[in-house]
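Residue-level structural notes
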Amino acid sequence: MSTLYVVATPIGNLEDMTPRARRILGEVDLILAEDTRVTRKLLTAFQIKTPLESHHQHNEGVKAAAIIARMQTQDLQVALVSDAGTPAISDPGARLVAAAHEAGIPVVAVPGPSAMAAALSSSGFEEAAFAFYGFLPRKPTELKASLKALQEGPPLAVVYESPHRVKALLTALAEVFPGIRMSLSRELTKVHEQTLRGSVETVLDAFRQDEGLLRGEFVLVLSLPRAQKAQEAEPLSLEARLMDQVVKGFSLREAQEALVAAGHRKNAVYAAALSLKTAAAERLADSQN
Ligand code: SAM
């Protein structure tokens, strides 16, 4: 039976190739690669001789249909890879995967490196909820609008950036969210790997002082001000949020759990719940007098 394997590959360090990824790439009939020249180097390093075909954002629609048709008529084991990291994460692949599901072809993930997970795990921010946005728009006005809109989402935002535009992104970020706390990882898993953490101004300053920092690939993790504001205004706004959940039919305990899961500090949520309970008890006592 045909199967589509979605295989993650290293983002810079060949030691991150998992034994399973290596085995699957060696066993399948065909590897679909974003850039066959890039993937050929990887395969050569691991002495894998599986045939390669290209599958990139410009031919994905046509290619996906043709591959799925072949997989439906013959027993064809196919692996999808991108140039580096996990396919379909800011990389081509989602259309092929969707087409495989629609055709009833099993899709198997072969997980491994992703710049997003590597940067998030080394950012040191404690909030559980985050959103991944890939690359933000290039045009300055669109970039600023999309930065402002990040506040609508969860407390952490993860974005990718290229060396040509990282300074422009940091400058726009400092304008839209002065003082924002962030972590910037460059060259993850490579010799010059570095993670800078602090305010956006500190990070921008580091770039101004050392042009060498511009070399490489970047992932930014942003701790958004909305989360900070929510913490400053916690007792009142958290009480209102808890009440909102209770009115919707949840127990106070469930409401507390939901707010903690959404990234609010446990102590603050507990304090807000306690103050609600106290207020309710006082009102009850008043009504009985
Ligand atoms: N699908 C890939 C993944 O899961 O990691 C991401 C592909 S996306 C086209 C490429 C972007 O990922 C780069 O511009 C950079 O923002 C980020 N990236 C990839 N490798 C990186 C690395 N070694 N260090 C830092 N960022 C990296």
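Residues numbered from 1 in each chain as written. Predicted model: local features only at pLDDT ≥ 70, side-chain atom pairs only at ≥ 80, totals over all residues. Heavy atoms only, no water.

Per-residue confidence for the protein gives a mean pLDDT of 92; residues scoring 70 or more make up 96%. Residue range residues 227-231 is modelled with pLDDT below 50. Its contacts to residues more than four positions away, or to other chains, number seven contacts. (pLDDT = per-residue confidence, 0-100. Contact = heavy atoms within 4.5 Å.)

Looking at where Met1 falls in the secondary structure, it is placed in the segment before strand 1 (3-7). Once the C-alpha coordinates of Met1 and Ala21 are considered, the two residues, 20 residues apart in sequence, prove to be 20 Å apart. Contact partners of Met1, with chain neighbours within four places excluded, come to Asp75, Gln77, Gly104 and Pro106. (Helix = DSSP H or I, 4+ residues; strand = E, 2+ residues; numbered from the N terminus.)

Moving on, we come to unusual backbone geometry. Phi is positive for Ala88, which is not a glycine, with a value near 70 degrees. For Ala88, the location among the structural elements is in the loop between strand 4 (77-81) and helix 4 (94-102). What makes Ala88 partly exposed here is its relative accessible area of 36%. (Buried < 20%, exposed > 50% of the residue type's maximum accessible area, 1.4 Å probe, protein only.)

So, on to the environment of Val97. Position of Val97 relative to the elements: it lies in helix 4. Sequence separation of Val97 and Gly153 is 56 residues, and the distance between their C-alpha atoms is 27 Å. Residues contacting Val97, with those up to four places away along its chain left out, are Leu4, Val6, Leu80 and Val107.

Now for the packing of aromatic side chains. Counted by the stated rule, this structure contains three aromatic pairs. Between Phe132 and Tyr160, the ring centres sit 5.0 Å apart and the planes meet at 70 degrees, which makes this aromatic pair edge-to-face. On the criterion of sequence distance, the pair formed by Phe132 in strand 6 (residues 130-135) and Tyr160 in strand 7 (residues 156-161) is long-range, its members being 28 residues apart. Of the residues examined, Phe132 reaches a relative accessible area of 26% and is grouped as partly exposed. Between Phe207 and Phe218, the ring centres sit 5.9 Å apart and the planes meet at 55 degrees, which makes this aromatic pair tilted. Placement of the pair is Phe207 in helix 8 (residues 200-209) and Phe218 in strand 10 (residues 218-223), with a sequence separation of 11 residues. (Phe/Tyr/Trp six-rings, centres within 6.5 Å; stacked < 30°, edge-to-face > 60°.)

Here we have five strands laid out as an open sheet, ordered 6-7-10-8-9, and mixed in their pairing. Lying at the two open borders of the sheet, with one neighbouring strand each, are strand 6 and strand 9 (194-199). With strand direction ignored, the average angle separating the axes of adjacent strands in the sheet is 15 degrees. Two strands pair when backbone bridges link them, and strand 8 (residues 181-186) and strand 10 are joined in this way by six bridges, in the antiparallel orientation. Bridge assignment links Arg186 to a residue of strand 10, and that residue is Phe218. (Pairing = 2+ DSSP bridges. Axes fitted to C-alpha atoms, helices over the stretch in contact; angles between N-to-C directions.)

Neighbouring the ligand are 18 residues; Thr86, Ile89, Asp91, Ala115 and Phe218 lie closest to it. Within the backbone of Leu188, one N or O atom sits 2.9 Å away from a nitrogen atom of the ligand. For the ligand, the accessible surface in isolation is 570 Å², of which the surrounding protein chains cover 91%. Going through the elements one at a time, strand 7 and strand 10 are the ones with two or more residues in the shell around the ligand. (Near = heavy atom within 4 Å. Polar contact = N/O pair within 3.5 Å; in protein donor to acceptor, adjacent residues only side chain to side chain. Areas by Shrake-Rupley, 256 points an atom, 1.4 Å probe, with all protein chains shown as cover.)

Turning our eyes to something else, we now look at the pattern of salt bridges. Tallying each qualifying case throughout the model produces nine salt bridges. Across the pair Glu27 and Arg23 runs a salt bridge whose closest N-O atoms are separated by 2.9 Å. You can see Glu27 and its partner Arg23 sitting in helix 1 (residues 19-27), four residues apart, about one turn around the helix. On the accessibility criterion, Glu27 (51% relative accessible area) is exposed. Assessed through its relative accessible area of 42%, Arg23 is described here as partly exposed. Between Glu211 and Lys167 there is a salt bridge whose closest N-O contact spans 3.2 Å. (Salt bridge = Lys/Arg side-chain N within 4 Å of Asp/Glu carboxyl O.)

For the rest of this paragraph, the subject is the packing of helix 3 (residues 60-73) against helix 4. The description of two packed helices rests on the angle between their axes and on the distance between the axes. Two numbers describe how helix 3 lies on helix 4: the axes approach to 9 Å, and their chain directions differ by 30 degrees. Overall, the two elements helix 3 and helix 4 adopt an arrangement that is roughly parallel. Read as a crossing pair, helix 3 and helix 4 show a hand that is right-handed. Along its contact with helix 3, which presents Glu60, Gly61, Ala64, Ile67 and Ile68, the element helix 4 presents Ala94, Arg95, Leu96, Ala99 and Ala100. Among the residues forming the contact of helix 3 with helix 4, the class breakdown is seven nonpolar, one polar and two charged. (Parallel < 35°, antiparallel > 145°, perpendicular 65-115°, else oblique. Left-handed = near helix turned anticlockwise from the far one by under 90°. Nonpolar A, V, L, I, M, F, W, Y, C, P; charged D, E, K, R; others polar.)

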